[in-house]
Amino acid sequence: MAAGHELHPLILVPGLSGNQLEARLTEDYRPPLPALQAPQAAGWFRMWMDRSLLLDSAAQRCFAHQLSLFYDPDADDFRNVPGVDTRVPFFGSTEGLRFLDPDRKDSSICMDTLVKSLQEIGYQDSLNLFGAPYDFRYSLAAGGHPAKVATQFLQDLRELVEQASKMNGDKPVIILTHSYGGLLTLHLLNRNPSWWRRKFIKHFIALSAPWGGIVVELFTFTSGDTMGMPLVDPLIIREQFRRTESNLWLLPSPKTFGDRPLVVTRDRNYSATDMAEFLQAIGFQEGVKPYVSRILPLLEEMAAPGVPVTCIIGVGVDTPETYLYDGEGKFDEPPEVVSGDGDGLVNLASLLALESEWSDAPEQELKVIKIPNATHAGILTQDFAVREIIRQVLDANSVPA
């Protein structure tokens, strides 16, 4: 066990949906249907996650509407629904990413177990351990396109890195991410100069990062998601899911999945190279332009950052890799699912994408740790997985500068 003063500062970046979001409704807000009168909370309220906002279908409609984004073609960027203000609480602290709902203390997709384990080896919140929650609905965009919210997060994260280093004797920082947070962090590194990375970054540890996208996204775009709550109507939540910009970024990448069929219907097959046509086929035409112009070129931006990188991934868990639709209505009936290897959510090809992507960059230090039977969310809570994460954090601390 390392003494606290010997540890390098560490910043946790959660995955998509892995931290709290707050909202407030202004007088400009209009519910999705006139009959749905959204509860007018006084001031700011926790929107993600408060299960009391999902008690019936009317409440679910309001929840999905308030959490949705819309693409503004004039601004070429995504925005909140008019009348909805949002903010991310507890930036800099781990508080907002330990539990989504503090009243229930359900840490199944959050970092409470990991935070406790880090504290056991000497880390202390806001002293040498920091959290970087963010508005996970937003995505970065390819060069030449604005991405106001996500770009601001990268700026805030850069400042937090510098602050954490300064507070800890100018030691460089370890960044530990889960899932989607890894994609954002890779862009933080590559959008800053090499001198900055050498000075401020000790190690980048990425847990379960979907470098090449996720096949499961295709099913959720067609059928929605109950978010693990049996009373939730997945088709209501589907509308919000489609209107979350980050989900476009997580569609399967052509670089990773090539032209292998991922969705099979009676009329045609869809591979990762057919995502624009897939979005049209499921009736989500409004997603086509931002996907083609903003997201598709972004998938090419995976350069080696020149700092030590460790990927810790779960393997050996059945993970959907092809959906077979046999109904007349194409996507109306539940599909047959063909599974392969992965962590239950992210396919193995995506988890390992950096190995092939950086194969021509021998100077890039890349270590991949495979943990059998560790699931995508379980890697944050399963004892055998958390022990390995802590081992890698200690290893990163022990490497001389």
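For the structure, check the block above.
Keep in mind it's a predicted model, so treat the numbers as computed, not measured.

(A) Fine view of the environment of Trp-48. For Trp-48, the position within the fold is in strand 3 (residues 45-48). Overall, Trp-48 belongs to the buried group, its relative accessible area being 8%. If near-sequence neighbours (up to four positions away) are discounted, Trp-48 is found in contact with Ser-17, Asn-19, Gln-20, Leu-21, Phe-63, Leu-67, Leu-100, Phe-136 and Met-227. A distance of 2.9 Å separates a polar side-chain atom of Trp-48 from the backbone oxygen of Ser-17.

(B) Looking closely at the pattern of salt bridges. Per the stated rule, a full pass over the model turns up 21 salt bridges. A salt bridge links Asp-135 to Arg-137, with the shortest nitrogen-to-oxygen separation between them at 2.7 Å. Like Arg-137, Asp-135 is buried. A salt bridge links Arg-266 to Asp-326; the nearest nitrogen and oxygen atoms lie 3.3 Å apart. One end of the pair, Arg-266, is in the loop between strand 10 (263-264) and strand 11 (269-270); the other, Asp-326, is in the loop between strand 13 (319-324) and strand 14 (336-340), with 60 residues separating them in the sequence. A relative accessible area of 49% means that Arg-266 is categorised as partly exposed. One network of salt bridges, in which partners are shared, links Asp-76, Asp-77, Glu-245 and Arg-294.

(C) Region of interest: the packing of helix 7 (residues 216-223) against helix 8 (residues 234-242). Viewed as axis vectors pointing N to C, helix 7 and helix 8 meet at an angle of 120°, and their least axial separation amounts to 7 Å. Residue-level inspection shows Glu-217, Thr-220, Phe-221, Thr-222 and Ser-223 of helix 7 in contact with helix 8, the latter providing Pro-234, Leu-235, Arg-238, Phe-241 and Arg-242. Counted by class, the contact of helix 7 with helix 8 contains 4 nonpolar, 3 polar and 3 charged residues.

(D) Molecular detail of the nonpolar core. Counting residues in each nonpolar core, the largest one holds 94 residues, and the members touching the most others are Ile-11, Phe-63, Trp-211, Phe-221, Trp-249, Phe-278 and Leu-279. The element best represented in this core is helix 4 (residues 148-167), accounting for 7 residues. When residues no more than four places from it in sequence are discounted, the contact partners of Phe-221 are Arg-238, Phe-241, Arg-242, Asn-247, Leu-248, Leu-251, Phe-278, Leu-279, Ile-282 and Phe-284. Judged by nonpolar contacts, the second largest core, of 27 residues, contains Ile-369, Ile-371, Ala-374 and Val-386.

Conventions used here
- Residues numbered from 1 in each chain as written.
- Predicted model: local features only at pLDDT ≥ 70, side-chain atom pairs only at ≥ 80, totals over all residues.
- Heavy atoms only, no water.
- Helix = DSSP H or I, 4+ residues; strand = E, 2+ residues; numbered from the N terminus.
- Buried < 20%, exposed > 50% of the residue type's maximum accessible area, 1.4 Å probe, protein only.
- Contact = heavy atoms within 4.5 Å.
- Polar contact = N/O pair within 3.5 Å; in protein donor to acceptor, adjacent residues only side chain to side chain.
- Salt bridge = Lys/Arg side-chain N within 4 Å of Asp/Glu carboxyl O.
- Axes fitted to C-alpha atoms, helices over the stretch in contact; angles between N-to-C directions.
- Nonpolar A, V, L, I, M, F, W, Y, C, P; charged D, E, K, R; others polar.
- Core = buried A, V, L, I, M, F, W, Y, C linked by side-chain atoms within 4.5 Å.

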